[in-house]
Amino acid sequence: MSSSDIFIGETIGTAILILLGGGVCAAVTLKASKARNAGWLAITFGWGFAVLTAVYTSAPLSGAHLNPAVTLGIAIKDGEWGDVPTYWAGQLLGAMIGAALVWVAYYGQFHAHLTDREIVGGPGAQDTKSVEAREAAAGPVLGIFSTGPEIRVAAQNLATEIIGTVVLVLAVLTQGLNDSGKGLGTLGALITALVVVSIGLSLGGPTGYAINPARDLGPRIVHALLPLPNKGGSDWGYAWIPVVGPLIGGAIAAGIYNVAFA
């Protein structure tokens, strides 16, 4: 795989992943959506199908890592680091593109939701907080773009992301790689999609299961940049956890693989 193929494949694949995954979050969250309040099952299966679609689309070009933690795990497993920056760049760009496309697809719903007094309060309601407080707090639609904890305990939140990512990356390394070992194969795409659903159902409750640094950071950046009315803050104080936790989890999974399976 050439560097251009890797970058294009990861950009396209991660954009599809976030478009469909963020899209199901928007469908469930936004007040004027037909799928509002569809619940956690819709979100977990929506993300699983998003993984499946994205992997099948991008695998011929890049092997469909779509996740810096997966790229890190494969690099540690193989000892090959040359393409890691290219993978990571494509993943972050793709995640931002996908998040922006969610906004385009649900443009009217975002506006209706964020101008509804039942959601954001009356005129000037957000002015009662300081600028610092508004920037720190998670806004009413941030969960469409990125993750956040139900109980904010940094050590537990970090551990939850590490554990979930260990499961994901270990599953990829033991079952999901193609014949060359450089990415996900046909069967691996289905396995990985089902693993993501399982992680969401079993381990997603505490933090929303980012298990992917690009999936969280790219859309969080887009949330901060978009001209959404009354959008609130992007919760940058929490943003390091869904980046650092999955990277640690990916490294641990690769270590387990090299000790137990290699």
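To start, this report covers the structure provided alongside it. Everything numeric in this text was worked out from a predicted model, so none of it was measured.

Some points on the overall build of the chain
Move 1: Broken down by element type, the chain carries 12 helices and 0 strands.
Move 2: When the helices and strands of the chain are placed in sequence order, the string is α-α-α-α-α-α-α-α-α-α-α-α.
Move 3: On C-alpha atoms alone, the chain measures out to a radius of gyration of 18 Å, which is about the 18 Å that the 2.2 N^0.38 rule sets for 262 residues.
Move 4: Along the first, second and third principal axes, the C-alpha set of the chain runs to 60 × 35 × 30 Å.
Move 5: Considering the chain as a whole, with its 262 residues, one finds that 50% of them fall into the buried category.
Move 6: Residue pairs at least 24 apart in sequence account for 80% of intrachain contacts in the chain once pairs closer than 6 positions are excluded.
Move 7: Accessible area of the chain: about 11,200 Å², with a carbon and sulfur share of 66%.
Move 8: When the 12 positive and 15 negative side-chain charges of the chain are each reduced to one mean point, those points stand 10 Å apart.

Quick notes on the side chain of serine 146
Move 1: With respect to the helices and strands, serine 146 occurs in the loop between helix H8 (142-145) and helix H9 (154-176).
Move 2: For serine 146, a relative accessible area of 3% translates into the label buried.

Notes on the nonpolar core
Move 1: Membership of the largest hydrophobic core comes to 58 residues, with the highest contact counts inside it found for Leu17, Trp47, Phe110, Val141, Ile144 and Phe145.
Move 2: It is H9 that provides the largest number of residues to this core, a total of 9 residues.
Move 3: When near neighbours in sequence (up to four residues on either side) are disregarded, valine 141 contacts Leu30, Phe110, His113, Leu114, His223 and Leu228.

Here's the deal with unusual backbone geometry
Move 1: Phi is positive for asparagine 37, which is not a glycine, with a value near 65°.
Move 2: Mapped onto the elements, asparagine 37 comes out in the loop between helix H1 (3-29) and helix H2 (40-62).
Move 3: A positive phi angle, close to 60°, is found at leucine 66, a residue other than glycine.
Move 4: Mapping leucine 66 onto the fold places it in the loop between H2 and helix H3 (68-78).

Focus on the environment of phenylalanine 145
Move 1: Assignment of secondary structure puts phenylalanine 145 in helix H8.
Move 2: The class for phenylalanine 145 is buried, based on a relative accessible area of 2%.
Move 3: Spatially, the C-alpha atom of phenylalanine 145 lies 5.9 Å from that of arginine 220, the residues being 75 residues apart in sequence.
Move 4: In this structure phenylalanine 145 touches Ala99, Phe110, Arg215, Pro219, Val222, His223, Leu226 and Leu228, once residues within four positions along its chain are discounted.

Quick notes on the pattern of salt bridges
Between side chains of opposite charge, a pair can form as their charged atoms come close.
Move 1: Summed over all chains, the structure comprises 5 salt bridges.
Move 2: Residues arginine 220 and aspartate 216 are paired through a salt bridge, measuring 2.7 Å at the closest nitrogen-oxygen approach. Placement of the pair is arginine 220 and aspartate 216 together in helix H11 (residues 213-225), with a separation of 4 residues, close to one helical turn. Each member of the pair, arginine 220 together with aspartate 216, is buried.
Move 3: Salt bridges sharing common partners tie together Lys31, Asp116 and Glu118.

Rules used throughout
- Residues numbered from 1 in each chain as written.
- Predicted model: local features only at pLDDT ≥ 70, side-chain atom pairs only at ≥ 80, totals over all residues.
- Heavy atoms only, no water.
- Helix = DSSP H or I, 4+ residues; strand = E, 2+ residues; numbered from the N terminus.
- Rg over C-alpha atoms; globule rule 2.2 N^0.38 Å.
- Buried < 20%, exposed > 50% of the residue type's maximum accessible area, 1.4 Å probe, protein only.
- Contact = heavy atoms within 4.5 Å.
- Areas by Shrake-Rupley, 256 points an atom, 1.4 Å probe, with all protein chains shown as cover.
- Lys, Arg positive; Asp, Glu negative; His and termini not counted.
- Charge placed at Lys NZ, Arg CZ, Asp CG, Glu CD.
- Core = buried A, V, L, I, M, F, W, Y, C linked by side-chain atoms within 4.5 Å.
- Salt bridge = Lys/Arg side-chain N within 4 Å of Asp/Glu carboxyl O.

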